[in-house]
Amino acid sequence: MKMFKELKKEGHFPTLIAAFLYFDFSFMVWTMLGPIAPEISQSIGGLTPSQISTLLSLPILGGAILRILLGFLVDNIGPKKTALISQAIVAGALWYAYFRGVNITYGELLLVAFALGFAGASFAVALPQAGQWYPPRLQGVVLGIAGAGNIGVVIDFLFAPKIAEIWGWPAVFLVGAILSTFIMIIYFFMAKDAPIKGKKRTIKDYLRLLKDKDTWWFSLFYAVSFGGFVGFASYMKVYLMDVYYEDMARIGKALLHEENVKVVAGYFGALTIFAGALLRPVGGAIADKLGGVKALYIFYGGVLVLALILAFAKLPFLAAILVLFLIMSFLGMANGAVFQLVPQRFGKDIGIMTGIVGCAGGLGGTALIKTLGWSKQYFGSYSVGFMIFAGVVAVAIIGLSLVKTRWRTTWGLNAGGRI
């Protein structure tokens, strides 16, 4: 309660709530193909693991690329106008997919998937819009709350498979299209740009930041944390259907009274993803208390151990669900910790940096999805994919060790928060 009173006093609380809702819906749309990928594949004649991974990775890739564009627009025309333009494009893609329905081709699906990348790029709008209203000491919790909109992926897994079962998978796009209009209206009336006046950003500003080695370090750290989260979230249902189909069929009938395994997979996928989505602000708050670097050591260490367990152990179903639940929890908290640090290092360039670092996160998610699909197609299992991911996490931990002293003795001295 004390924290919320402080947030209401220090900044613009309606904008914080609007940013959360906008990002929540956008994240739901961005990852909506994952929970219905098996249904779509069956409807259009069957897709290979490679085709499925391409379809699921394209919104993530689009979101990665478009985050830089939207970050640029945030600094030049403001977050609110940028969000409304982006939301209109997303709504158009959703309506198109619904009206094409079961007659849509794989090529058209790929185009729709890329357009949904505008929803993923909302990260570069929602976080700076909320963060610009608040002082450095509250950045971890503020950006954690705004970024907790990634709970939208949980909504996907809970409801999309059931909607697809009852009305067909095109109805999922219809629901998304209707909600997009509703969210756009709420955002239009609630959100307000912070009264920050500064020069408009140019391409030279991007190039200047890309020359800064800290930009690349933050990009690596977010490619691991957010890339891991969104990559696993997008591929979760496909993974569970491939590896634990019989277990879910048995549990669905015995405990959930649900015979549709695709729906059961959606429920368990939502369970594993829920903690990661919910705990992002917790990760930001922990970073505010302990320091972002120390928090990332803890979160990445947990991810590394869990990824190696997935790679080398053939886990029973419930144990696998527990491991996936924990790995998503650590990744979600790591997301909050990374963005406890970014505004302190690049406070004057937060719009551009959110776009650049967010792009890296999307690219990390794209790489993870494609890696898991490649591992399944060529090795018949996901073990190699998990091993590669564990190796990347280890590189990130080494990276923290290389930068922590320099950060704490240079810009960290006057950052306004704990490093």
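Residues numbered from 1 in each chain as written. Predicted model: local features only at pLDDT ≥ 70, side-chain atom pairs only at ≥ 80, totals over all residues. Heavy atoms only, no water.

Could you give an account of the layout of surface pockets, with specific residues and numbers?
Reported here for the second largest pocket is a volume of approximately 300 Å³. Taken together, 18 residues form the lining of the second largest pocket, with Y239, V243, Y244, A313 and K314 sitting closest to its centre. Those elements that provide at least two residues to the lining of the second largest pocket are α13 (213-243), α17 (292-312) and α20 (383-409). Taken together, the residues of the lining of the second largest pocket break down into 11 nonpolar, three polar and four charged. (1 Å grid on protein atoms, 1.4 Å probe; cavity = no way out; pocket = protein on both sides within 12 Å on 5 of 7 lines; lining within 4 Å. Points joined across faces, edges and corners; volume = space filled by probe spheres on them. Helix = DSSP H or I, 4+ residues; strand = E, 2+ residues; numbered from the N terminus. Nonpolar A, V, L, I, M, F, W, Y, C, P; charged D, E, K, R; others polar.)

Account for the nonpolar core, naming residues and giving values.
In this structure, F218, F232, L240, Y300 and I327 are the most contacted members of the largest nonpolar core, which totals 141 residues. In contact with I327, not counting residues within four places along its chain, are F232, V303, L306, A307, L310 and F389. (Core = buried A, V, L, I, M, F, W, Y, C linked by side-chain atoms within 4.5 Å. Buried < 20%, exposed > 50% of the residue type's maximum accessible area, 1.4 Å probe, protein only. Contact = heavy atoms within 4.5 Å.)

Describe in detail the pattern of salt bridges, supporting the description with residues and values.
Enumeration over the complete set of coordinates arrives at nine salt bridges. A salt bridge links K162 to E165; the shortest N-O distance between them is 2.9 Å. Note that K162 and E165 are positioned in helix α10 (residues 152-167) at a spacing of three residues, about one turn of the helix. On the accessibility criterion, K162 (27% relative accessible area) is partly exposed. Overall, E165 belongs to the partly exposed group, its relative accessible area being 36%. Taking the shortest distance from any N to any O, the salt bridge between D212 and R345 comes out at 2.7 Å. In this pair, D212 sits in the loop between α12 (203-210) and α13 while R345 sits in helix α18 (residues 317-345), placing the two residues 133 residues apart along the sequence. Shared partners join several salt bridges into a network, and the residues in it are D212, D214, R345 and R406. (Salt bridge = Lys/Arg side-chain N within 4 Å of Asp/Glu carboxyl O.)

A description of the packing of helix α2 (residues 13-30) against α10 should follow, citing residues and the corresponding values.
Axis separation between α2 and α10 bottoms out at 7 Å; the angle between their running directions is 50°. The angle between α2 and α10 places the two elements in the oblique class. Regarding α2 and α10, the two cross each other, and that crossing is right-handed. Facing α2, whose interface residues are D24, F27 and M28, α10 presents G152, V153, I155 and D156. Taken together, the residues that form the contact of α2 with α10 break down as four nonpolar, one polar and two charged. (Axes fitted to C-alpha atoms, helices over the stretch in contact; angles between N-to-C directions. Parallel < 35°, antiparallel > 145°, perpendicular 65-115°, else oblique. Left-handed = near helix turned anticlockwise from the far one by under 90°.)

I'd like a rundown of helix α14 (residues 245-256), residues and numbers included.
Turning to α14, its buried residues number three or more, namely M248, A249, I251 and G252. If you follow the buried residues of α14, they end up packed against α13, α15 (261-278) and α18. Remark: H257 follows α14 within two positions and exhibits a positive phi of approximately 55°.

Just give me the short version of the side chain of T366, but keep the residues and values in it.
Its place among the elements puts T366 in helix α19 (residues 350-379). By relative accessible area, which is 12% here, T366 ends up buried. Of note is the side chain of T366, whose polar atom sits 3.1 Å from the backbone nitrogen of L61. If sequence neighbours within four positions are ignored, T366 has contacts with S57, I60 and L61. (Polar contact = N/O pair within 3.5 Å; in protein donor to acceptor, adjacent residues only side chain to side chain.)

Before we move on, could you go through empty space enclosed by the protein and cite the residues and values that matter?
Inspection of every chain in the model, using the stated rule, returns one cavity of 30 Å³ or more. One number sums up the size of the largest cavity: a volume of about 40 Å³. Lining the largest cavity are F232, Y235, M236, Y239, L324, L372 and F386. Sort the elements by how many residues they give to the lining of the largest cavity and α13 lands first, with four residues. Residues that form the lining of the largest cavity fall into these classes: seven nonpolar, no polar and no charged.

Quick one: what's the story with the side chain of S219, residue by residue and with numbers?
Here S219 lies in helix α13. Residues within four places of S219 in sequence aside, it is in contact with I356, V357 and A360.

Which residues make up the environment of K348, and what values go with them?
Within the secondary structure layout, K348 lies in the loop between α18 and α19. Looking at K348, the relative accessible area reads 74%, which means it is exposed. Taking the C-alpha atoms as reference points, K348 and Q132, separated by 216 residues in sequence, lie 9.7 Å from one another.

Break down the confidence of the model for the protein for me, citing the residues and quoting the values.
Overall, the predicted model of the protein reaches an average pLDDT of 87, with 92% of residues at or above 70. Within the protein, helix α1 (residues 2-10) has the poorest average pLDDT of any element, 60, and α17 the best, 96. (pLDDT = per-residue confidence, 0-100.)

Describe the packing of aromatic side chains, and please don't skip the residues or the numbers.
Under the defined criterion, the tally for this structure stands at 28 aromatic pairs. Relative to Y300, the ring of F221 has its centre 6.4 Å away and its plane inclined at 45°; by these criteria the two rings are tilted. Residue F221 is located in helix α13, and its partner Y300 is located in helix α17; the two are separated by 79 residues in the primary sequence. With relative accessibility at 0%, the residue F221 sits in the buried group. Above the ring of F188, the side-chain terminus of K80 is found at 5.0 Å from the ring centroid. (Phe/Tyr/Trp six-rings, centres within 6.5 Å; stacked < 30°, edge-to-face > 60°. Lys NZ or Arg CZ within 6 Å of the ring centre and 35° of its normal.)

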